Amino acid sequence: MNFLRGVMGGQSAGPQHTEAETIQKLCDRVASSTLLDDRRNAVRALKSLSKKYRLEVGIQAMEHLIHVLQTDRSDSEIIGYALDTLYNIIANDEEEEVEENSTRQSEDLGSQFTEIFIKQQENVTLLLSLLEEFDFHVRWPGVKLLTSLLKQLGPQVQQIILVSPMGVSRLMDLLADSREVIRNDGVLLLQALTRSNGAIQKIVAFENAFERLLDIITEEGNSDGGIVVEDCLLLLQNLLKNNNSNQNFFKEGSYIQRMKPWFEVGDENSGWSAQKVTNLHLMLQLVRVLVSPTNPPGATSSCQKAMFQCGLLQQLCTILMATGVPADILTETINTVSEVIRGCQVNQDYFASVNAPSNPPRPAIVVLLMSMVNERQPFVLRCAVLYCFQCFLYKNQKGQGEIVSTLLPSTIDATGNSVSAGQLLCGGLFSTDSLSNWCASVALAHALQENAIQKEQLLRVQLATNIGNPPVSLLQQCTNILSQGSKIQTRVGLLMLLCTWLSNCPIAVTHFLHNSANVPFLTGQIAENLGEEEQLVQGLCALLLGISIYFNDNSLESYMKEKLKQLIEKRIGKENFIEKLGFISKHELYSRASQKPQPNFPSPEYMIFDHEFTKLVKELEGVITKAIYKSSEEDQKEEEVKKTLEQHDSIVTHYKNMIREQDLQLEELKQQVSTLKCQNEQLQTAVTQQAAQIQQHKDQYNLLKVQLGKENQHQGPYNEGAQMNGIQPEEISRLREEIEELKSNQELLHSQLADKDSLIESLKSSQTSSDMNEQSTVAAARESEQVAELKQELAALKSELNSQSIEINRLQTEKHELLQKTEAYAKSVSVQGESETLVAAKTTDIEGRLSALLQETKELKNEVKALSEERTVIKEQLDSANSTIAILQNQKKNLELEITDSKKEQDDLLVLLADQDQKILSLKNKLKDLGHPIEEEDELESGDQEDEDDENEDGCKDQD
């Protein structure tokens, strides 16, 4: 309040005095008037004065306006006027501010009034509750007022909203408002609310903000939309940037797939409005937020894979190769593609396969490298292409090999029709443009990063210089250019390339030292006292010489480690050498390059250090310092330790390879054991099926034997002998076939047993040969356990086979008994004499029975064959057997019906005969009465009939 009084005191007291009195009267009316209309008119008048007389209204009316918000909530009009007045007091209207002093004063007023308003946290809570009102005149000014409070004192207001119950949820409802003005201002409010507050960002994200914002962007036309799309994209950036939880939620919610339509821009040369460029620029930045190198590696990798799977990377590459794209959009697209493919092998492989729409088509990498080494291209575009090339080679040994292979003699196109990536890099390396030299050197260094094989392969590269002169190696040509005293940027680039090339590669160090001019050149550069600009080159020369000492394998007698140290001590001095080496990390541009992988420089002269090279310097600076101060004895001890370590490593690698081989053998044996288990299970199921089938055959056999016994009891002994003579040969043949099939199954099981025995022997031999170390003994123990399990399974199979063989023997004994019975019946049949007609009749009967039995035998054969087939075949056979049973049952029923019918007919006949007898008896009695003579036989018959009738009547009485 003292500040406000001071501001008021500094203003003129002329015409302001009457306005202050007017404001005071209006405030009194708001405070004391009992009529709502009077209070409403007073608040409306305060609103009209609040813009011009902001300070006076703010000092005198703020408390009254807050009281109106608390007490008059039923009247939306007065609430709207009060909110508008508070907004005019707190907000800084930039359009009306002209002078700097007035602007500063306005900002101070806004922050001071905001501090007064939020001093009571209930005021912010009251404002949040007013936002639930649907009335436009209340909701819209409330949104604007809260947005202004967040702009003035964001952290304090954020904390109040965070602790307010359902505070963030109430604000999220603004995005669902059907009125676009409130919805759009709600987006601006959420922008201010989520700025630099991770907790609120998480709450907003879990309140379904991503879904609503993406829907708004789609409704507004994606990249072709207006300022609303820009606001939504800025809010999405607030929610996702440096917030790993929200990034993971965005990916898990499949929202990355919804970003693909943003980049469907087509090949239109016209239609790139300023708003569209801004929107697309923000969309590309949003993609980069998800795959930024500063994110956790796992989260970045999963987002990269999702972008490839949904086609987003393909869409970005289409923009990359399209025509008519603005330069800033093309540059940002290259940077975005760079981070989408960085360290992701699948995306890197896809990018290597992308071709530019030219005739003939060229790889996208070649087209981009042509822009990088072209000095007429914009600087930011060349930096973006370099970053893209670096990201393509990052942790991509396959891509590194492809780039280096384009420089080797066997892969260079003899026709010269196509330009390769290697040729472009060499062209940039030896160009007159220092920026091209630096970019080509760094790009080639990334092709060698952490790849000893490619460092050795690059030593094979030969370059043709002048006509008639012999070819020169690439390594030698780099040192030649270095010694010619070119620009600092060129020399720094070549020294970074040489340091990367020689580190961790003793063969390259030997090739470098083999040229007798290299070491004197480096020592001469380091020993000179040059200006500050040359100190960086001196430091890099010291680093290169230190690498030549540290990674020296002492294969050259004249340039052994000890001799190079003595040379440094005589010509440079150890302290001076270490001081020059320290110039690298002390350089002002070194720390800037070490922060981010992207080469982001304001101008070409700042393009000195590469990010990956700063890591190499940090790694080697300490070890080189130690190597310089070590004595020859310490070097010898270190060499001995290295040799022992190498021997130890060789032994360890030998055992590792052996363990790897044994693991492979174990895997193979496990697979064999699993297959044997499967076979064992199949055999067990086959055995159970065969046992069930044998039992079924036994039951059928016993049933047939019982049926034959019954028939033999009803018929004579001859007929029994004939039936048995007709049945037994077929039964015997069927049993023989079953026995043969069981024998074949037994032989198959014996062969499988032999295979398993051979497998056990091989396991035993591998067990004895694998006792090399502790891990091999463990593997042997596992194998012995597996062998024991196999033995148990084999023993079980053998016991099952023995039981089957016992069953077969029993069936064979039954077969012999049946044969003996058959012969006995045949002899009994031959003794009896029959007539030829009777024999013929019985023969036809036996043939009929034989045909029926043959048919049954065929069915039994089919059932036996179906033991090894699928269950469906067994079900079909069971269905056929059931059908035959049903037919027999139907026949039995028919016979029973015929018997009952015949009994009924006999009863009917007996009834008729009884009626006739009664009639005859009555007629005879009439004849007697008439005096007609009756014969004695008739009387006797009638008497007998009477006796029978009497007996029948007595029986009926007894029954009753």
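Rules used throughout
Residues numbered from 1 in each chain as written. Predicted model: local features only at pLDDT ≥ 70, side-chain atom pairs only at ≥ 80, totals over all residues. Heavy atoms only, no water. Helix = DSSP H or I, 4+ residues; strand = E, 2+ residues; numbered from the N terminus. Buried < 20%, exposed > 50% of the residue type's maximum accessible area, 1.4 Å probe, protein only. Contact = heavy atoms within 4.5 Å. Areas by Shrake-Rupley, 256 points an atom, 1.4 Å probe, with all protein chains shown as cover. pLDDT = per-residue confidence, 0-100. Arc of directions from axis to C-beta. Salt bridge = Lys/Arg side-chain N within 4 Å of Asp/Glu carboxyl O. Phe/Tyr/Trp six-rings, centres within 6.5 Å; stacked < 30°, edge-to-face > 60°. Lys NZ or Arg CZ within 6 Å of the ring centre and 35° of its normal. Axes fitted to C-alpha atoms, helices over the stretch in contact; angles between N-to-C directions. Parallel < 35°, antiparallel > 145°, perpendicular 65-115°, else oblique. Left-handed = near helix turned anticlockwise from the far one by under 90°. Patch = residues over 30% accessible without salt bridge, like charges linked within 9 Å, V, L, I, M, F, W, Y side chains within 5 Å. Lys, Arg positive; Asp, Glu negative; His and termini not counted. Charge placed at Lys NZ, Arg CZ, Asp CG, Glu CD. Nonpolar A, V, L, I, M, F, W, Y, C, P; charged D, E, K, R; others polar.

When helices and strands are tallied, the chain shows 41 helices and four strands. By the burial criterion, 44% of the 960 residues in the chain qualify as buried. In the chain, the share of contacts with a sequence separation of at least 24, taken over all contacts with a separation of at least 6, comes to 72%. Roughly 51,000 Å² of accessible area belongs to the chain as shown, and the carbon and sulfur atoms make up 51% of that amount.

Below, the discussion takes up the confidence of the model for the chain. A residue-level look at the chain finds 75% of positions with pLDDT of 70 or above and a mean pLDDT of 81. Confidence drops under pLDDT 50 across residues 767–780; counting only partners more than four residues distant or on other chains, this segment forms 19 contacts. Contacts for the low-pLDDT stretch residues 828–840, under 50 throughout, to residues beyond four places or in other chains number seven contacts.

Among all positions of helix 30 (residues 518–527), only Asn518, Val519, Leu522, Thr523, Gln525 and Ile526 are buried. Looking straight down helix 30, one finds that the buried residues subtend no more than 160° of arc, so they occupy a single side. Close packing links the buried residues of helix 30 with helix 27 (474–483), helix 28 (488–502), helix 29 (506–514), helix 31 (532–550), helix 32 (561–571) and helix 33 (574–586).

We now examine the environment of Lys119. Take Lys119: it is sitting in helix 6 (residues 100–119). Taking C-alpha positions, Lys119 is 9.8 Å from Gln156, a pair spaced 37 residues apart along the chain.

With an omega of 0°, the peptide bond between Asn359 and Pro360 qualifies as cis. Tracing the chain through its elements places Pro360 in the loop between strand 1 (355–356) and strand 2 (362–363).

The tally for this structure, following the rule as stated, stands at 22 salt bridges. The shortest N-O distance in the salt bridge between Asp177 and Arg179 comes to 3.0 Å. The pair formed by Asp177 and Arg179 is uniform in burial state, with each residue classed as buried. Measuring nitrogen to oxygen at the nearest pair gives 3.0 Å for the salt bridge that ties Arg183 to Glu220.

With that settled, the discussion passes to the packing of aromatic side chains. Going through the model one piece at a time under the given rule, you end up with twelve aromatic pairs. Considering the side-chain rings of Tyr550 and Phe551, the 4.9 Å spacing of their centres and the 85° angle between planes classify their relative orientation as edge-to-face. Taken together, Phe206, Phe210, Phe249, Phe250 and Tyr255 form an aromatic cluster joined through their ring pairs. Above the face of the Tyr606 ring, Arg592 is positioned so that its terminal group lies 6.0 Å from the ring centre.

A few words now on the packing of helix 14 (residues 227–240) against helix 16 (residues 274–290). It is at 10 Å that the axes of helix 14 and helix 16 come closest, and there the two elements cross at 15°. In this view, helix 14 runs roughly parallel relative to helix 16, as classed from their interaxial angle. The crossing of helix 14 and helix 16 is left-handed. When helix 14 is examined against helix 16, the residues Ile227, Val229, Glu230, Leu233, Leu234, Leu236, Gln237 and Leu240 are found in contact with a partner set consisting of Gln275, Thr278, Asn279, Leu282, Met283, Gln285, Leu286, Val289 and Leu290.

Bringing a negative patch on the surface into the picture now. Residues Glu898, Asp901, Glu905, Asp907 and Asp908 make up a contiguous surface patch of negative charge. Counting through the fold element by element, Glu905 comes out in helix 40 (residues 871–930). The exposed category is assigned to Glu905, whose relative accessible area is 53%.

Mapped onto the secondary structure, Leu153 falls in the loop between helix 8 (136–152) and helix 9 (154–163). Separated by 42 residues in sequence, Leu153 and Ser111 have C-alpha atoms that sit 6.7 Å apart. Those residues within four positions of Leu153 in sequence are excluded, and the remaining contacts are Ser111, Thr114, Glu115 and Ile118.

On to the packing of helix 20 (residues 345–353) against helix 22 (residues 379–393), then. Between helix 20 and helix 22, the shortest axis-to-axis distance is 9 Å and the interhelical angle comes to 125°. The angle between the axes of helix 20 and helix 22 places the two elements in the oblique class. From helix 20, Gln348, Phe351 and Ala352 reach across to helix 22, where they touch Cys388, Cys391 and Phe392. When its residues are assigned to classes, the contact of helix 20 with helix 22 shows five nonpolar, one polar and no charged.

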